[in-house]
Amino acid sequence: MSFHPLCTIFAIFTKILRLFIDMFYDNGLRFQCQMCRYCCSSEPGYVYLSDKEIEEEADYLGLSREEFIRKYCRYVDCGEYSLISLQETSDYDCIFLTEKGCGIYKVRPYQCRQYPFWKSIMSSKEAWENEKNYCPGIGKGPIIPKREIEKRMKDGDPPLMVFRKK
Ligand code: SF4
Ligand code: SF4
C-alpha cells in the first residue's frame, strides 16, 4: 500500500490554504443525525475500507481477515487497482444495516463516522446545502464547531484504502 507523493503535497497545500481563506464553516454548522438510515441504504454506493478497518471489523466479528473479506466485502475495479468496499444487498442496503441500525456501529468505517463531513461535501457551501437533499440531519441540532468539523474530516485522511494491483 502506498500514497502518491502528489496527494501528500496537495493535502499540505490545502491545510496551509485553510489558514488564510475564510471557510464557509468557520462559525460551525448545525448537524444532528435523524436516524433516517438514508446514508446506509437507498441507492448504490461504496463504503471503502482501509487495512486497519478490515482488521478491526473482522476482529469485532470474530473472523479472520480473509473470512471477513469473503463474507462482507467486494472489490471495486478502479483501473490499475481495486479498492475494497463493503457489500450491499439487492435493495442497496449496506450489508451491515439491520432493523436496529448499524450492526457494527462500534467499529463502523471512517467513511460512515465522517458523514456528512466528507471533503467533497465540505468543499463548498453549495455542496453542503445540496447534501440536505439526502441527509435530513444537515441544518438541525447543535452547532458543530469548526475544530470538530476539521477533526472529523481529518480522521479518515489519508484514506487508507486497500488495493491490489492487477
Ligand atoms: S442521512 Fe443523515 S440523518 Fe439520515 S442516517 Fe445518515 S447521517 Fe443520519
Ligand atoms: S457500516 Fe454501518 S454505518 Fe456504515 S453504511 Fe453500513 S450500516 Fe451504515
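Description of the structure in this document. Just so we're clear, the structure is a prediction, and the values are computed from it rather than from any experiment.

**Focus on the site of ligand 2**
Then, number 1: The environment of ligand 2 is formed by Cys40, Val47, Leu86, Cys94, Phe96, Leu97, Cys102, Ile104, Arg108, Pro109 and Cys112.
Then, number 2: A class-by-class count of the residues in the shell around ligand 2 yields 10 nonpolar, no polar and 1 charged.

**Overview of the packing of helix α2 (residues 51-60) against helix α3 (residues 65-72)**
Then, number 1: Across the interface, α2 lies against α3 with an axial gap of 9 Å and an inter-helix angle of 90°. What the angle tells us is that α2 and α3 run roughly perpendicular. Packed against α2, whose contacting residues are Ile54, Glu55, Glu57 and Ala58, the element α3 presents Arg65, Phe68 and Ile69 at the interface.
Then, number 2: The residue inventory of the contact of α2 with α3, partitioned by class, reads 4 nonpolar, no polar and 3 charged.

**Things to note about the site of ligand 1**
Then, number 1: Close to ligand 1 lie Cys33, Gln34, Met35, Cys36, Arg37, Tyr38, Cys39, Tyr115, Cys135, Pro136 and Gly137, which account for all nearby residues.
Then, number 2: The residue makeup of the shell around ligand 1, split by class, is 8 nonpolar, 2 polar and 1 charged.

**Details of the nonpolar core**
Then, number 1: Leu49, Phe68, Cys73, Leu86 and Cys94 are the most contacted members of the largest nonpolar core, which has 13 residues in total.
Then, number 2: Every element with two or more residues in this core is listed here: α2, α3 and β3 (81-86).

**What to know about the environment of isoleucine 144**
Then, number 1: With respect to the helices and strands, the residue isoleucine 144 is situated in strand β6 (residues 138-144).
Then, number 2: Apart from residues lying up to four places away in sequence, isoleucine 144 is in contact with Gly28, Leu29, Phe31 and Ile149.

**As for unusual backbone geometry**
Then, number 1: Note that the residue after tyrosine 115, namely proline 116, is joined by a cis bond; omega there is 5°.
Then, number 2: Among the secondary structure elements, proline 116 is positioned in the loop between α4 (110-114) and α5 (119-122).
Then, number 3: Phi at methionine 35 is positive, roughly 55°, even though this residue is not glycine.
Then, number 4: Inspection of the secondary structure assignment puts methionine 35 in the loop between β1 (29-31) and α2.

**Looking at the pairing of β3**
Along any regular strand the residues' side chains alternate between the sheet's two faces.
Then, number 1: One ladder, built from 5 bridges, connects strand β2 (residues 73-77) with β3; its direction is antiparallel. Paired with valine 76 across the bridge in β3 is leucine 83.
Then, number 2: The antiparallel pairing of β2 with β3 creates a hairpin that spans 3 residues between the two strands, and glycine 79 there sits at a positive phi of about 95°.

What counts and what doesn't
Residues numbered from 1 in each chain as written. Chains lettered and ligands numbered in written order. Predicted model: local features only at pLDDT ≥ 70, side-chain atom pairs only at ≥ 80, totals over all residues. Near = placed C-beta within 6 Å. Nonpolar A, V, L, I, M, F, W, Y, C, P; charged D, E, K, R; others polar. Axes fitted to C-alpha atoms, helices over the stretch in contact; angles between N-to-C directions. Helix = DSSP H or I, 4+ residues; strand = E, 2+ residues; numbered from the N terminus. Parallel < 35°, antiparallel > 145°, perpendicular 65-115°, else oblique. Contact = placed C-beta atoms within 7 Å. Core = buried A, V, L, I, M, F, W, Y, C linked by C-beta atoms within 7 Å. Buried ≥ 20, exposed ≤ 12 C-beta atoms within 10 Å, placed from the backbone. Pairing = 2+ DSSP bridges.

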